[in-house]
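Residues per chain are reported as follows:
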Amino acid sequence: MSFPQVPLSQALSLGRLDAHDQAALLARGELSPAELTAAAIARARHFEPALGALSHTDFARALAQAAELSRPDADAPMRGVPWLPKDSLRVIGMPTRGCSRSRTGVPASDQHAFAQRCADAGLVALGKSAMPEFGLMGVTEPLLGPVTRNPWSLRHSPGGSSGGAGAALAAGVVPLAHGSDGAGSIRIPASACGVVGLKPGRGITVRVRARHPIEDLIVADSLMSRSVRDSAWAFAALHPDRPAPVTAPLARPLRIALAAETLQGVAPDAQVAAALAQAAALCESLGHRVELASLPLCGAQVFEAAMTLWSHLGADALDLAEIAFGAAGARTALEPFTVGLSDWNRAHCGVAELERAYAVLAALPAAFKAFHARYDVLLTPTLRAPPPLIGSFAPDGDFAAVFGGMFDWMGYTPLQNLAGTPAISLPLAHGEDGLPIGVQFAADRGQEPLLLGLALQLESAAPWRDRWPPVSVAASESGKDTH
């Protein structure tokens with residue numbers, strides 16, 4: 001079978017388009033799905049040496065899948081649009097390694113409903129995006145490789161755990177990429193890479209993975225994007241009830257609560273504080289009322305509960321590795337951070353701590369319901385500081401230093417994971433060095449449409465569509481690509 005050859009110049013130009021605009025080209029018959037896929041492959045090959053955003057590629061499979069697709073129709077409006085599943089998402093025909101040296105590269109023979117919905121929509125997977133081992137870190141530097149770099153500065157991290165997704169989107173490799181979020185892993189790379197990251201509320205997407213008593217409570221999944229309309233379409237497509245996508249900007253004023261400090265009570269970096277103030281001023285200029293407010297529960301208690309539950313995932317990883325490799329072998333098969341997290345959990349998270357964590361988790365829905373009776377939306381920074389340098393939170397670094405520093409940096413996002421509420425990070429600001437700084441808007445259960453309507457309004461008022469990093473399709477087109 002022969003596949004189309006797309007000139008790099010055309011591939012770069014197509015990479016500027018979001019999923020809706022790429023799908024429109026297919027609908028008009030200006031390109032075939034195979035040509036659109038070939039263009040995405042050309043972009044991936046061009047940027048991957050610099051970014052390290054992909055943990056697995058199967059370009060031949062992607063082209064074969066695209067060749068079988070007809071042009072988009074009303075039932076599958078994004079048919080033929082390229083995307084990237086994360087290395088933790090089980091997709092038929094691809095390995096599911098979680099970027100861990102402990103996993104084999106055996107292709108999956110089945111997939112859960114989330115991946116099936118994406119396949120039914122006709123999205124074409126180029127491969128898989130990189131992540132830290134099992135998604136347990138806020139940066140993407142797995143020892144298995146690749147180390148993923150930020151398109152805004154190759155010296156800096158794109159965040160994690162959906163770091164490969166964030167980097168690929170920011171550069172324009174694909175318009176849609178899967179992210180999973182157990183303590184901020186969608187919103188962190190969205191902030192660090194300057195893209196849109198919606199974490200849906202608890203249980204509001206079709207099943208993504210095997211049942212797990214902690215992951216089912218704290219982890220949420222979505223497709224990240226560069227445009228709010230793409231995120232809105234993805235949310236609707238992956239919702240159990242398939243509602244109509246949100247397409248209209250918000251048309252009423254909101255009461256917005258502003259909280260600047262992290263769960264641990266730490267003030268944000270000066271650049272982040274400036275970005276938060278800028279976002280608040282933008283909201284006020286659009287007719288919203290912004291008020292300083294306190295979180296509905298003690299932040300320190302919420303943070304302790306989040307660490308107790310989240311760290312159990314590290315203990316689970318070590319338990320499973322011990323079955324496969326034995327007690328000694330497991331500690332070499334896994335990364336030092338994963339082993340350290342498991343040891344920390346076993347030392348600090350006994351029955352009493354677990355009981356307290358579940359008590360906090362049980363109290364949060366009522367606390368947020370009361371909070372949101374007064375405020376429609378909670379506005380906070382997404383991260384306490386701009387993206388860190390590569391190596392700042394290396395998985396083979398000193399565990400205590402990495403653990404403490406990383407969760408100081410990502411001290412806002414775990415709240416919504418425990419509460420089961422939706423939140424979205426929007427790329428509304430940049431720091432003094434040009435690195436993106438996201439701001440987070442959160443709402444009560446079931447209020448994803450409200451957040452998406454607000455996001456559409458903010459995107460229209462302060463558009464980021466033409467804001468591209470130095471390593472991107474736009475920079476390469478203009479000859480200013482720095483990689």
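Keep in mind that what you see is a predicted model, and the values were worked out from it rather than measured.

Rules and cut-offs
Residues numbered from 1 in each chain as written. Predicted model: local features only at pLDDT ≥ 70, side-chain atom pairs only at ≥ 80, totals over all residues. Heavy atoms only, no water. Helix = DSSP H or I, 4+ residues; strand = E, 2+ residues; numbered from the N terminus. Rg over C-alpha atoms; globule rule 2.2 N^0.38 Å. Buried < 20%, exposed > 50% of the residue type's maximum accessible area, 1.4 Å probe, protein only. Contact = heavy atoms within 4.5 Å. Areas by Shrake-Rupley, 256 points an atom, 1.4 Å probe, with all protein chains shown as cover. Lys, Arg positive; Asp, Glu negative; His and termini not counted. Charge placed at Lys NZ, Arg CZ, Asp CG, Glu CD. Pairing = 2+ DSSP bridges. Polar contact = N/O pair within 3.5 Å; in protein donor to acceptor, adjacent residues only side chain to side chain. 1 Å grid on protein atoms, 1.4 Å probe; cavity = no way out; pocket = protein on both sides within 12 Å on 5 of 7 lines; lining within 4 Å. Points joined across faces, edges and corners; volume = space filled by probe spheres on them. Nonpolar A, V, L, I, M, F, W, Y, C, P; charged D, E, K, R; others polar.

Asker: Summarise the overall build of the protein; cite the residues concerned and give the values.
Answerer: What the protein contains, in helices and strands, is 17 helices and 12 strands. Radius of gyration (C-alpha) of the protein: 21 Å, near the 23 Å computed for a compact globule of 483 residues. Counting over 483 residues, the protein shows a buried share of 61%. Considering only residue pairs separated by 6 or more positions, the protein has 79% of its internal contacts joining residues 24 or more positions apart. With the model as given, the accessible surface of the protein reaches about 17100 Å², and the carbon-plus-sulfur share is 55%. Taking the average place of the 38 positive charges on the side chains of the protein and the average place of its 44 negative ones, the gap between the two points comes to 3 Å.

Asker: For the sheet that holds strand S3 (residues 124-125), give the residues involved together with the corresponding values.
Answerer: The strand order across the open sheet formed by four strands is S3-S2-S5-S7, and the pairing between neighbours is mixed. Taken across any chain shown, the strands that pair with only one partner, and hence form the sheet edges, are S3 and strand S7 (220-225). With two bridges joining them, strand S2 (residues 82-84) and strand S5 (residues 176-181) adopt parallel strand pairing. Looking at S5, one finds that Trp83 is bridged to Leu176.

Asker: Quick one: what's the story with the side chain of His112, residue by residue and with numbers?
Answerer: Here His112 shows up in the loop between S2 and helix H5 (113-120). Residue classification places His112 among the buried positions, given a relative accessible area of 19%. Engagement of the side chain of His112 in a polar contact is seen with the side chain of Arg90, the distance being 3.3 Å. At 3.3 Å, the side chain of His112 forms a polar contact with the backbone nitrogen of Ala210.

Asker: Any details on empty space enclosed by the protein? Residues and values, ideally.
Answerer: Inspection of the entire model under this criterion finds four cavities of 30 Å³ or more. Approximately 60 Å³ is the volume found for the largest cavity. Of all the elements in the fold, those that place two or more residues in the lining of the largest cavity are strand S10 (377-381) and helix H15 (414-419). Looking at the lining of the largest cavity residue by residue, the classes come out as five nonpolar, five polar and one charged.

Asker: Can you lay out the layout of surface pockets for me, pointing to particular residues and giving the numbers?
Answerer: When its volume is computed, the largest pocket comes out at roughly 1100 Å³. Forming the boundary of the largest pocket are 44 residues, of which Ser88, Arg103, Phe134, Arg209 and Glu215 lie nearest the centre. Among the elements that line the lining of the largest pocket, the one with the most residues is helix H11 (residues 299-333), at eight residues. Grouping the amino acids of the lining of the largest pocket by side-chain chemistry returns 21 nonpolar, 14 polar and nine charged. Considered as a void within the structure, the second largest pocket measures approximately 330 Å³ in volume.

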